[in-house]
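Each chain, letter by letter, is given below.
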Amino acid sequence: MNIGLVAHDSKKILMQNFCVAYRSILSKNELYATGTTGRLIEEVTNLSIHKFLAGHLGGEQQIGAQIENNNIDLMIFLRDPYSTNKNEPNTRKILNLCDTHNIPIATNVATAELLIRALDRGDLEWREFYK
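A brief look at the structure comes next. (Residues numbered from 1 in each chain as written. Predicted model: local features only at pLDDT ≥ 70, side-chain atom pairs only at ≥ 80, totals over all residues. Heavy atoms only, no water.)

Okay, the packing of helix H4 (residues 59-68) against helix H5 (residues 91-100) next. Two elements in contact, H4 and H5, have axes whose closest approach is 9 Å; the angle formed by their N-to-C orientations is 5 degrees. Judged by the inter-axis angle, H4 sits roughly parallel to H5. Of the residues in H5, those touching H4 at Glu-60, Gly-64, Ile-67 and Glu-68 are Ile-94, Leu-97 and Cys-98. For the contact of H4 with H5, a count of residues per class yields four nonpolar, one polar and two charged. (Axes fitted to C-alpha atoms, helices over the stretch in contact; angles between N-to-C directions. Helix = DSSP H or I, 4+ residues; strand = E, 2+ residues; numbered from the N terminus. Parallel < 35°, antiparallel > 145°, perpendicular 65-115°, else oblique. Contact = heavy atoms within 4.5 Å. Nonpolar A, V, L, I, M, F, W, Y, C, P; charged D, E, K, R; others polar.)

Have a look at this one:
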């Protein structure tokens, strides 16, 4: 499965911790991330991650294109709902694309944990048939 990983600045450490905790599951999948988030995850997990540009430099559009082309099966976007930083990834665009293309998306660590455990159990295998 192809997993997209994006985190607002205030959630990057939480994303790192999440990826450390679920490294064994994540390592069995292809990982895609915006540049800074991907680099930070790689530093603490040694996972191989395909990194796009930083979110504010076009990385969120690159992830969005992957979603539109049905190349992402699961999206984890740890977002700060109170963020006012204009340079952070466009939350609404990614959420809308995931809804449009039936991509399961977690926007907080509680839902991310549920989805990653479902992935490990094989509950998301329907994505293979959806493609």
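This is not the end of the story, as more comes after the structure.
Our next topic: the packing of aromatic side chains. A complete count under the given rule lists two aromatic pairs for this structure. Both rings, one in Phe-18 and one in Tyr-22, keep their centres 5.0 Å apart while their planes meet at 40 degrees; by these two values the pair is tilted. Of the two residues, Phe-18 and Tyr-22, both sit in the buried class. Considering the side-chain rings of Tyr-32 and Phe-52, the 6.2 Å spacing of their centres and the 20 degrees angle between planes classify their relative orientation as stacked. Taken as a pair, Tyr-32 in strand S2 (residues 30-33) and Phe-52 in the loop between strand S3 (49-51) and H4 lie far apart in primary sequence, 20 residues in all. A relative accessible area of 16% means that Tyr-32 is categorised as buried. Classification of Phe-52 by relative accessible area gives buried; the value is 12%. (Phe/Tyr/Trp six-rings, centres within 6.5 Å; stacked < 30°, edge-to-face > 60°. Buried < 20%, exposed > 50% of the residue type's maximum accessible area, 1.4 Å probe, protein only.)

Our focus in this paragraph is helix H6 (residues 109-121). Look at H6: 18 Å from first C-alpha to last across 13 residues, which is about the 18 Å you get at 1.5 Å a residue. For H6, every residue scored as buried is listed here: Ala-112, Leu-115, Ile-116, Ala-118 and Leu-119. Projected down its long axis, H6 shows its buried positions confined to an angular sector of 160 degrees, all on one face. Opposite the packed face of H6, turned more than 90 degrees from it, sit the exposed residues Ala-110, Leu-114 and Arg-121. Buried-residue contacts for H6 involve strand S1 (2-7), helix H1 (12-21), helix H2 (23-26), strand S4 (74-78) and strand S5 (105-106). The N-capping residue of H6, defined by a side-chain oxygen 3.1 Å from the backbone nitrogen of Ala-110, is Asn-108. (Expected span 1.5 Å × (residues − 1). Arc of directions from axis to C-beta. Polar contact = N/O pair within 3.5 Å; in protein donor to acceptor, adjacent residues only side chain to side chain.)

So, on to the pattern of salt bridges. According to the stated counting rule, one finds seven salt bridges in the structure shown. Among the ionic pairs, Asp-9 bridges to Lys-12, the shortest N-O distance being 3.9 Å. In this structure, Arg-121 and Asp-123 form a salt bridge, with 2.6 Å as the shortest nitrogen-oxygen distance. Take Asp-123: its relative accessible area is 39%, and that puts it in the partly exposed class. (Salt bridge = Lys/Arg side-chain N within 4 Å of Asp/Glu carboxyl O.)

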